[in-house]
Amino acid sequence: MKKFFRRLLIVFAIFLAVLFGGLAIVLSFFEDELGQKVVQSINKNLVSELSIEQVDLTVFRSFPNAAINLRNTVLEDIEGDAFLQAENVSFRFRLLSLLGKSVKVNSVLLENGILAIRYDQNGNPNYDVFKTSQEEQTENAESSNFGLSLKEARLSNIELLYEDQLSEREAALLIEDATFSGEFSSEQFSLKSNADLQSKFVLYEADRFLKNKDLRYDASILVNLSEGLYEMERVIVGVEDNEFSVNGRILAQEDYADFNLVAKNEEGDLGGVLQLLPDTYSAYLGDFSSRGQFYFDALIDGRLSKTESPLLDVKFGLEDGRISSPRLDNAFKDVSFDAKFTNGERRDNKSSRFEMERLKGYFNNELMEVKLNAYDFDDPQIDFALNGTLPLSAIYGLAENPNIKDGSGEIEIQNLEVRGRLSDMQSVNRIARVDANGTLQFDDARLKFEKDNITIDRGDILLEGNSLVMKEVKIEGAGSEIYLDGSCYNLIPVLFADSLNSQRAELEFEANLNAPKMDLDRLIALTTSPVEEGEVSEVVYDSIQVKEVQEREQFTQFLKGRFNANVEEFNYGKIEGENFVGKLQFDKNEMSIFGNTQAMDGSFDLSGTMYFEDKPRLKSKLTCKNIDANKFFAQSENFGQDILTEDNIRGKMNANMLIQAYWDEQMNFDYDKFRVLAGIGIEEGELLDFELFESFSTFVKLEDLKHVRFKGLENWLEISNQRIYIPVMFIQSNALNLSLNGEYSFDYEFDFNVKVNAGQVAANRLKRHNPKLVALPAKREGWFNLYYKIFGTSDDFQYEMAKREVKSDFIRSERRKNRIRESLLLEFREVALIREPLEWQDDAQYENASDEELEFLFEEAVEGGSGG
């Protein structure tokens, strides 16, 4: 008997294998025909166009079901735009239903696509793509062997785009995985659904919500399609790490919807509520969390239509809890508060109000109390009060400056109160209607930065109506000691200004800055983002810089006033100065500086304007008087070049400079646009071991070239296009006299033109070295001049005779000199130029001689010992 049943099972298994195998083989022959019928059946139910790239039939992978897969499907909406795009739409059905008269599809899967739902300005949706006539639906069902009897739908990796042009609402969600199950063909059924989503954003009344948030839900809803009724049996909604339970019902009709919903968060925390705030708030508050007895209750009750809104009541609070954040070094402890929001009896902004009468807690055992009430959201009336002590050791992270590593000391806030209408707070003309007062006192408040500490060890800031007074504030640290006092007006209108500053609020101020010493390098470093090489990508680094520039521009647009500065000692880079007296003057996005100081054994007068724009720029004038040229090159780090350095030059320098500098959006210096026009004069000048002079050893004893002393030298220079242009100038020295012009690039390449007198050179070759370094007379010695080009780099240069080219360059150079001079004369007083002496002009006898002829005559003179 056992053998009989065993054989019977074997026979039955073989029968099933043959049956399903044969069925699969048969289906493979009719795959195209069946696919066409599927497409035809779907199209009969549509009023828009459906296009499918490929249809295939799957049996074994979905056994005991079969699946019809529509590859690269596009379904148009009623406007002809794409409503649904999917790499795969799969209809599943029982394999044995193929043996019957009709194929009933009971599940559908959508993978890798986009679903776009839109409402136009008249409120018409784009998704009415299915025929609504009952007769047409019946006719289609009877004429086709393919029918829909859905019990389950699943979406995987589908991007959902929603736009309502009438209400100006938008949303973008990524449906990572979602399932819907129920007897969808019935009028009444229980809908079971769960999903994992990622919210890109939700735009509602110009505010963005839920930006880049992980969402999820698990729902069981009783659906009555004939009545439009949806009853929540069990709905759990998750936002990041918080869950909300939702109960109640929705009655949806054609022109309105009635809500009766209650949402609770009984085991969550404050962070769950903050995640629901608009991005402008949640971006800053979203990482706060709480422990303790937290509660959240929300009620939506009433009708939503074009003319009505439901009642919205929200209550939340915390008892004996603590509030934490990664940016708080110590938690805010023993916190208690109750808050509520309602849209009021009229269900509108006018009757809306938010109330938090008292929030109290402790930072490091220091009590902090806050009150915040707001009424009438059409024209909000605000009542705010803050009283307590803020220990910097706990809150320094809220500054969001990655340079700040620690804090100590305290800021005492005494009776800070602001009461009035928001519209009055934003208006410079109506700010007098606002009640504002309070005091901030610094008690050895210290911030520890990456490499330095900054301490405000004393000083008061007083808020009195529309004025803010700063008294005896002392700042120490980063190699600096600074004392501030002064006053400003319109602080509240600036703080409450909208993004466009439509009320044109300006922070008017007059302040004094006195500093025994300032280390500008270390102070500037405190405000610079610490991004190490290889730490982040270039794109991220650029975005940090762009953000810093935008924040700087947004801040400076409100400023109008001046700092009067008196700095006894300062340094910037290698530059060391003293006795700076001047002022910084702000007017919207412009900062002007005027002042004078002593440095490099001389004095500087500076005036200029910095324009804080998308691409910041600077225009400034600098006058230098009796500057030590050696210190000028040393403290300026030789201007980034190595041809003429601090080791080579001595003398007293006077200069007038017009400087124009530019930066890009990332605050990178734009060398292509950088331009300087300068008139420079050097007295008692000396050149020591100047390597470039070695090219003149053919004409001059090398001993004479080691130490060259020259008379007064003056010229007009230009820096542009990453090159330094030196117009023609006459240099009279103990070694030789010459005229020189040329250019030097930021890539360390140069091209100089030189004129020397052959007779004088030949004569000096025969003389002994002049230890007194007396300058040679500017005489041509009754003979001819030689013209040379010297070009290359400091490591590899060469020279050649080129009379015509050099003389031509000298002429063009004179034009450049005159143009520079005329530009500078508009900004500075005139300074007499040292021009090439008449005795230095070419002898008419040799005016037309060629380079070869002049070189031959010169060599003969040198070899023959004739000085001419």
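Residues numbered from 1 in each chain as written. Predicted model: local features only at pLDDT ≥ 70, side-chain atom pairs only at ≥ 80, totals over all residues. Heavy atoms only, no water.

A.B. asks: Help me understand the overall build of the protein chain, please; the structure alone is not making it clear to me.
C.D. replies: Each helix and strand in the protein chain was counted, giving 15 helices and 38 strands. Per-residue burial over the protein chain gives 43% buried out of 868 residues. Taking as baseline every contact in the protein chain between residues at least 6 positions apart, the subset at least 24 positions apart corresponds to 55%. Of the accessible surface of the protein chain, which amounts to about 47300 Å², a share of 50% is contributed by carbon and sulfur atoms. (Helix = DSSP H or I, 4+ residues; strand = E, 2+ residues; numbered from the N terminus. Buried < 20%, exposed > 50% of the residue type's maximum accessible area, 1.4 Å probe, protein only. Contact = heavy atoms within 4.5 Å. Areas by Shrake-Rupley, 256 points an atom, 1.4 Å probe, with all protein chains shown as cover.)

A.B. asks: Before we go on, may I ask you to explain the nonpolar core in this structure?
C.D. replies: A general trend in soluble globular proteins is that nonpolar side chains are found buried together. Counting residues in each nonpolar core, the largest one holds 110 residues, and the members touching the most others are Phe296, Phe316, Phe337 and Leu513. Excluding residues that lie within four positions of it along the chain, Phe296 makes contacts with Phe244, Ala263, Lys264, Asn265, Val273, Val314, Lys315 and Phe316. Core analysis: the second largest hydrophobic core is formed by 44 residues, Met653, Met657, Phe674 and Phe710 among them. (Core = buried A, V, L, I, M, F, W, Y, C linked by side-chain atoms within 4.5 Å.)

A.B. asks: Whenever I open this one, unusual backbone geometry confuses me. Can you help?
C.D. replies: Note on backbone geometry: most residues besides glycine have negative phi, and most peptide bonds are trans. Its identity as a non-glycine residue notwithstanding, Asn212 has a phi of 55°, on the positive side. A positive phi angle is found at Asp334, which is not glycine, with a value near 50°. Turning to its location among the elements, Asp334 is positioned in strand E15 (residues 332-342).

A.B. asks: I tried to follow a negative patch on the surface on my own but got confused; where do I start?
C.D. replies: Together, Glu176, Asp196, Asp214 and Asp241 make up a region of like negative charge exposed at the surface. Structurally, Glu176 is set in strand E6 (residues 169-181). (Patch = residues over 30% accessible without salt bridge, like charges linked within 9 Å, V, L, I, M, F, W, Y side chains within 5 Å. Salt bridge = Lys/Arg side-chain N within 4 Å of Asp/Glu carboxyl O. Lys, Arg positive; Asp, Glu negative; His and termini not counted. Charge placed at Lys NZ, Arg CZ, Asp CG, Glu CD.)

A.B. asks: Help me out: how do you make sense of the pairing of strand E33 (residues 713-720) in this one?
C.D. replies: Regular strands show a simple pattern: their side chains alternate between the two faces of the sheet. With seven of its eight residues buried, E33 lies for the most part within the structure. Pairing of strand E31 (residues 675-688) with E33 involves seven bridges; the strand directions are antiparallel. Within the sheet, the bridge partner assigned to Gly679 lies in E33 and is Trp716. Of the pairings in the sheet, the one linking E33 to strand E34 (residues 723-732) comprises three bridges and is antiparallel in character. Bridge pairing links Ser720 to Arg723 in E34. Following E33, the chain reverses through two residues before pairing antiparallel with E34; Asn721 in that reversal takes a positive phi of roughly 55°. (Pairing = 2+ DSSP bridges.)

A.B. asks: When you look at the side chain of Thr609 in this model, what are you seeing that I'm missing?
C.D. replies: Within the element layout of this structure, Thr609 appears in strand E28 (residues 602-611). Overall, Thr609 belongs to the buried group, its relative accessible area being 15%. A distance of 3.2 Å separates polar atoms of two side chains, one belonging to Thr609 and the other to Ser592. Once you skip the residues sitting within four places of it in the chain, Thr609 turns out to touch Glu590, Met591, Ser592, Arg617, Leu618 and Lys619. (Polar contact = N/O pair within 3.5 Å; in protein donor to acceptor, adjacent residues only side chain to side chain.)

A.B. asks: Mind showing me how you'd approach the packing of aromatic side chains here?
C.D. replies: Aromatic ring pairs are reported here in terms of the distance separating the ring centres and the angle at which the planes meet. Inspection of every chain in the model, using the stated rule, returns twelve aromatic pairs. With 5.5 Å between their ring centres and 50° between their planes, Phe509 and Phe563 make a pair best called tilted. Taken together, the residues Phe509 in strand E24 (residues 507-519) and Phe563 in strand E25 (residues 559-572) connect sequence positions 54 residues apart. Note on Phe509: relative accessible area 12%, which makes it buried. Taken together, the aromatic side chains of Trp663, Phe669, Tyr671 and Phe674 make up a single cluster linked through ring pairs. A cation sits over an aromatic face here: Arg208 above Phe201, 4.3 Å from the ring centre. The ring of Tyr256 carries the charged tip of Arg303 above its face, separated from the ring centre by 3.7 Å. (Phe/Tyr/Trp six-rings, centres within 6.5 Å; stacked < 30°, edge-to-face > 60°. Lys NZ or Arg CZ within 6 Å of the ring centre and 35° of its normal.)

Everything listed here is a matter of coordinates, which is why it stays silent on function.
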